[in-house]
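Summary of the model geometry
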Amino acid sequence: LRMNDPPVLIGADVVKKALQFEKLVPVLEKALADVSSGKEGGVVQPLRTMMSLEKYSGFLGIMPAYSSTDDILATKLLTFYQQKTSSTIPSHQATVLLFDPSNGCLKAIMDGKVITDKRTAAVSAIATKFLKPTNLEVLCILGSGAQAYSHYEIFTEMFPFKEVRVWSRNRKSAEAFADSFPGDIQVCSSAKEAVVGADVIVTVTMATEPVLFGEWVKPGAHINGM
Ligand SMILES: NC(=O)C1=CN([C@@H]2O[C@H](COP(=O)(O)OP(=O)(O)OC[C@H]3O[C@@H](n4cnc5c(N)ncnc54)[C@H](OP(=O)(O)O)[C@@H]3O)[C@@H](O)[C@H]2O)C=CC1
Ligand SMILES: O=C([O-])C1=[NH+]CCC1
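So, how was this worked out
Residues numbered from 1 in each chain as written. Chains lettered and ligands numbered in written order. Predicted model: local features only at pLDDT ≥ 70, side-chain atom pairs only at ≥ 80, totals over all residues. Heavy atoms only, no water. UniProt positions renumbered as here; feature names shortened; annotations may be inferred. Near = heavy atom within 4 Å. Polar contact = N/O pair within 3.5 Å; in protein donor to acceptor, adjacent residues only side chain to side chain. Areas by Shrake-Rupley, 256 points an atom, 1.4 Å probe, with all protein chains shown as cover. Helix = DSSP H or I, 4+ residues; strand = E, 2+ residues; numbered from the N terminus. Nonpolar A, V, L, I, M, F, W, Y, C, P; charged D, E, K, R; others polar.

An unreviewed UniProt entry annotates the protein as Ketimine reductase mu-crystallin originating from Latimeria chalumnae. UniProt's Sequence similarities (unreviewed entry) comment on the protein is quoted here verbatim: "Belongs to the ornithine cyclodeaminase/mu-crystallin family." The UniProt entry for the protein carries this comment under Subunit (unreviewed entry): "Homodimer. Binds the thyroid hormone triiodothyronine (T3); T3 binding inhibits enzymatic activity."

Right under this line is the structure:
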């Protein structure tokens with residue numbers, strides 16, 4: 001791109017093709033290590049701004065970051081709504097803007113929904129990899145929305161689970177989730193039934209009240225709380 005060229009638009013399909021988990025995980029591991037190394041890591045990432053849209057029970061989040069080692073300047077703009085506004089509009093939508101850090105020119109406008117789904121699941125998987133319990137037999141997913149799908153995909157790709165359980169507030173969503181994958185997924189009637197005995201627990205709901213209680217959790221189990 002030349003300096004005055006308009007930004008390229010990169011849609012969800014293209015992002016999906018480019019963001020295969022096997023490529024994403026090592027890049028994210030490095031980014032997380034850079035963030036954790038403080039000044040040496042060269043990452044500037046101010047706390048995100050979360051603006052509340054009380055009238056609609058919605059939020060607009062602004063998440064800027066700069067990596068001097070990768071020389072990448074970007075910001076994610078995210079909207080999310082507590083109640084789904086329609087059956088076709090996802091509760092979370094996002095756009096990622098990519099700039100030339102040397103002069104501030106906007107280079108790309110990317111679909112950020114796929115990035116959010118895959119990046120969040122990949123970070124959970126990385127945390128699980130480093131903090132993993134000795135046993136990795138039973139995976140439990142609480143919730144059956146977009147994050148449940150992306151977490152299932154990467155967790156079953158990265159770890160050798162023998163059993164996967166899902167629970168969702170609405171049983172039909174959990175059944176649709178289970179039916180959408182070729183692998184066996186046990187649909188549970190309660191969160192407790194899904195959690196008891198699980199080695200890794202992923203909470204991916206929009207609940208504002210607790211759905212998971214410590215007394216159900218097996219000692220040593222790993223919880224990824226979204
Ligand atoms: N930390 C991070 O970086 C990120 C965090 N998130 C968070 O992950 C969570 C899941 O997001 P996502 O999958 O995209 O959302 P979706 O809207 O796609 O799915 C939401 C899920 O939550 C369930 N749910 C909604 N309200 C309630 C409730 N009151 N009690 C119990 N379950 C409820 C729905 O259940 P059902 O269909 O059965 O009704 C559905 O399974 C959200 O909290 C989101 O904010 C998401 C992206 C990034
Ligand atoms: O970082 C993110 O994408 C989100 N944080 C809270 C909801 C989505």
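Don't stop here, the text continues.
Our next topic: the site of ligand 2. The environment of ligand 2 is formed by Arg 48, Met 63, Lys 76, Leu 78, Phe 80, His 92, Thr 116 and Arg 119. The contact in question runs from a nitrogen atom of ligand 2 to an N or O atom on the side chain of Arg 48, over 3.1 Å. Within the side chain of Lys 76, one N or O atom sits 2.7 Å away from an oxygen atom of ligand 2. Burial of ligand 2 by the protein amounts to 76% of the accessible area it has alone, namely 250 Å². For the shell around ligand 2, the secondary-structure elements that each account for two or more residues are strand S5 (72–81) and helix H3 (113–131). Sorting elements by how many residues they give to the shell around ligand 2 places S5 first, with 3 residues. Residues of the shell around ligand 2, tallied by class, amount to 3 nonpolar, 2 polar and 3 charged.

Attention now goes to the site of ligand 1. Around ligand 1, the structure places 19 residues, and the nearest of them are Ser 91, His 92, Gln 147, Ser 168 and Thr 205. Here Gln 147 contributes a backbone N or O atom positioned 2.8 Å from an oxygen atom of ligand 1. Notes on ligand 1: free accessible area 930 Å², of which the protein chains cover 79%. Of all the elements in the fold, those that place two or more residues in the shell around ligand 1 are H3 and helix H4 (146–158). Broken down by element, the shell around ligand 1 gets its largest block of residues, 3 residues, from H3. A breakdown of the residues in the shell around ligand 1 according to their chemical character gives 5 nonpolar, 12 polar and 2 charged.

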